[in-house]
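# Observations on the model geometry
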Amino acid sequence: MKIEFWFDFASSYSYPAAMQIETLAKRESLEISWRPFLLGAIFNRQGWQDSPFNLYPAKGAYMWRDLERLCDELNLVFTRPSQFPRNGLLAARVACLFEDAPWLADFIRAVYTANFADDLDISSSRVIASCLEAIGEDSAGILKAANAPAAKARLREQTEQGYQKGIFGAPSFFVGEELFWGNDRLSSALNWAVKNKH
């Protein structure tokens, strides 16, 4: 049984989800399909030109405090990004193109750490290269592939697929046809997958 994890590197609540999903899934012998997409493109189709956390200040203030509490609970380092949301396009192209690479989960966690723990600009190819190098990968070759037209098209297609599946926010989880939205629904998604394994 697989759980599809749909995420955007700029998404605040995707940070704790990305940092714990692999450990939780392994505990239940579940496989993860990592599905990066561009949440901004979906927001645009909903008529938003920015994150709702920026559009609605009270909601944003609550989210940042909630995320601080959540990360403290999970023993995750958290630094509020000096820019939000950051552009995770290049990182998403890498993750989409190399979806079957054995280093993918480590790369995803490295990018989230760069954004939400180290306050680094993940739109910078230099930062993404350092994330790849930190996990022992050839950053030059990978980034060259990620900037090719085929990689760009692949991420666009995956974002469209997410939209067609009914995704409207991140993180989102699919177990079969069942959609679970939000970091606080990760355990529900895992439980559903376990219950429907056989």
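Since the model is a prediction, treat every value here as computed from it, not as a measurement. Going along each chain's sequence as written, the residues are numbered from 1 onward. For this predicted model, a pLDDT threshold of at least 70 governs which residues receive local features, and a threshold of 80 or more governs which side-chain atom pairs are given and counted, while totals over whole chains, interfaces and linings are taken from all residues. Note that water and hydrogens are dropped before the side-chain values are worked out from all heavy atoms of the structure.

With that settled, the discussion passes to the overall build of the protein. Per the secondary structure count, the protein includes 10 helices and four strands. Put simply, the radius of gyration uses C-alpha atoms, and a globule should come to 2.2 Å times the residue count raised to 0.38. A compact globule built from 198 residues would reach a C-alpha radius of gyration of about 16 Å, and the protein, at 16 Å, matches this within 12%. Along the first, second and third principal axes, the C-alpha atoms of the protein reach 45 × 40 × 35 Å. Only protein chains enter the area calculation, which uses a 1.4 Å probe; residues under 20% of their type maximum are buried, those over 50% are exposed, and those in between are partly exposed. The buried share of the protein, reckoned over its 198 residues, is 49%. For the protein, the accessible area works out to roughly 9,900 Å², and carbon and sulfur atoms hold 49% of it. We treat Lys and Arg as the positive residues and Asp and Glu as the negative residues; His and chain ends play no part in the count. Charge positions come from single atoms, namely NZ of Lys, CZ of Arg, CG of Asp or CD of Glu. With 21 positive and 24 negative side-chain charges, the protein shows a separation of 3 Å between the mean positions of the two kinds. Here a helix means four or more residues in a row that DSSP labels H or I, a strand means two or more in a row labelled E, and each is numbered from the N terminus. Each accessible area value is a Shrake-Rupley result obtained with a 1.4 Å probe; residue values ignore everything except the protein chains displayed when judging cover.

Our next topic: the sheet that holds strand S2 (residues 31-36). Here, any two strands with at least 2 DSSP bridges between them count as paired. Here we have four strands laid out as an open sheet, ordered S2-S1-S3-S4, and mixed in their pairing. Looking at which strands have only one partner, the edges of the open sheet turn out to be S2 and strand S4 (178-181). Neighbour-to-neighbour, the strand axes of the sheet open up by a mean angle of 20°, direction not taken into account. Contacts between helix H10 (residues 186-195) and the sheet are confined to strand S1 (2-7), strand S3 (172-175) and S4, with S3 contributing the most and set at about 10° to the helix. Every axis corresponds to a line fitted to the C-alpha atoms, with the helix fit spanning only the stretch in contact, and the corresponding angles, defined between N-to-C directions, vary from 0 to 180 degrees. In this analysis, two residues are considered to be in contact whenever any of their non-hydrogen atoms come within 4.5 Å of each other.

One recurring pattern in soluble globular proteins: nonpolar side chains tend to sit buried together. Residues Phe 9, Phe 107, Ile 108 and Ile 128 are the most contacted members of the largest nonpolar core, which totals 57 residues. Top contributing element to this core by residue count: helix H6 (residues 104-116), with nine residues. Contacts of Phe 9, omitting those with residues within four sequence positions, involve Gly 88, Ala 91, Ala 92, Ala 95, Phe 107, Ile 108, Val 111, Tyr 112, Asn 115, Phe 116 and Ile 122. Within the second largest apolar cluster, eight residues are counted, among which are Phe 37, Ile 167, Ala 170 and Phe 174. Throughout this description, the term nonpolar core refers to a set of buried Ala, Val, Leu, Ile, Met, Phe, Trp, Tyr and Cys residues connected via side-chain atoms within 4.5 Å.

Among the six residues of S1, five are classified as buried, and the element is accordingly described as predominantly covered. For S1 and S2, the ladder comprises six bridges, and the chain directions are parallel. Counted as the bridge partner of Ile 3 is Ile 32 from S2. By convention, a crossover is right-handed whenever its connection, traced from the first strand over the helix to the second and viewed with the strands pointing away, goes clockwise. With respect to chirality, the unit in which S1 leads through helix H1 (residues 14-27) into the neighbouring parallel S2 is right-handed.

Look at helix H5 (residues 89-97) against H6: their axes get within 10 Å of each other, and the N-to-C directions meet at 170°. The pairing of H5 with H6 is recorded here as roughly antiparallel in orientation. Here Ala 91, Val 94 and Ala 95 of H5 lie close against H6, whose contacting residues are Leu 104, Phe 107, Ile 108 and Val 111. Each residue gets one of three labels, nonpolar for Ala, Val, Leu, Ile, Met, Phe, Trp, Tyr, Cys and Pro, charged for Asp, Glu, Lys and Arg, and polar for the others, Gly among them. In terms of residue class, the contact of H5 with H6 is made up of seven nonpolar, no polar and no charged. An angle below 35 degrees is treated as roughly parallel, one above 145 as roughly antiparallel, one from 65 to 115 as roughly perpendicular, and anything else as oblique.

This part covers the packing of H5 against helix H7 (residues 125-134). At their nearest, the axes of H5 and H7 sit 9 Å apart, and the two run at 40° to each other. Counting all contacts with H5, which are made through Leu 90, Ala 91 and Val 94, the residues of H7 involved are Ser 125, Ile 128 and Leu 132. Its residues assigned to classes, the contact of H5 with H7 comprises five nonpolar, one polar and no charged.

This next bit is on the state of the cysteines. Our working definition of a disulfide is a cysteine sulfur pair at a distance within 2.5 Å. In the structure shown here, the tally under the stated rule is zero disulfides. You can see Cys 96 has no disulfide; the closest cysteine sulfur is in Cys 131, sitting 18 Å from it. Cys 131 takes part in no disulfide bond, and the closest cysteine sulfur, belonging to Cys 71, lies 17 Å away. The exposure class assigned to Cys 131 is buried, which follows from its relative accessible area of 6%.

The next thing to look at is the packing of aromatic side chains. Ring pairs shown here join Phe, Tyr and Trp side chains whose ring centres sit within 6.5 Å, with only the six-membered ring taken for Trp; geometry is labelled stacked below 30 degrees between planes, edge-to-face above 60, and tilted in between. Following the criterion strictly, the structure yields 20 aromatic pairs and no others. Through successive ring pairs, a cluster of aromatic residues spans Phe 5, Phe 7, Phe 9, Tyr 15, Trp 34, Phe 98, Trp 103, Phe 107, Tyr 112, Phe 116 and Phe 173. The rule for a charge over a ring is simple: NZ of Lys or CZ of Arg within 6 Å of the ring centre, and within 35 degrees of the ring normal. A cation sits over an aromatic face here: Arg 45 above Tyr 163, 3.6 Å from the ring centre. Lys 165 extends its terminal NZ or CZ atom over the ring of Phe 174, reaching a point 4.1 Å from the ring centre.

None of this, on its own, says anything about what the molecule does.
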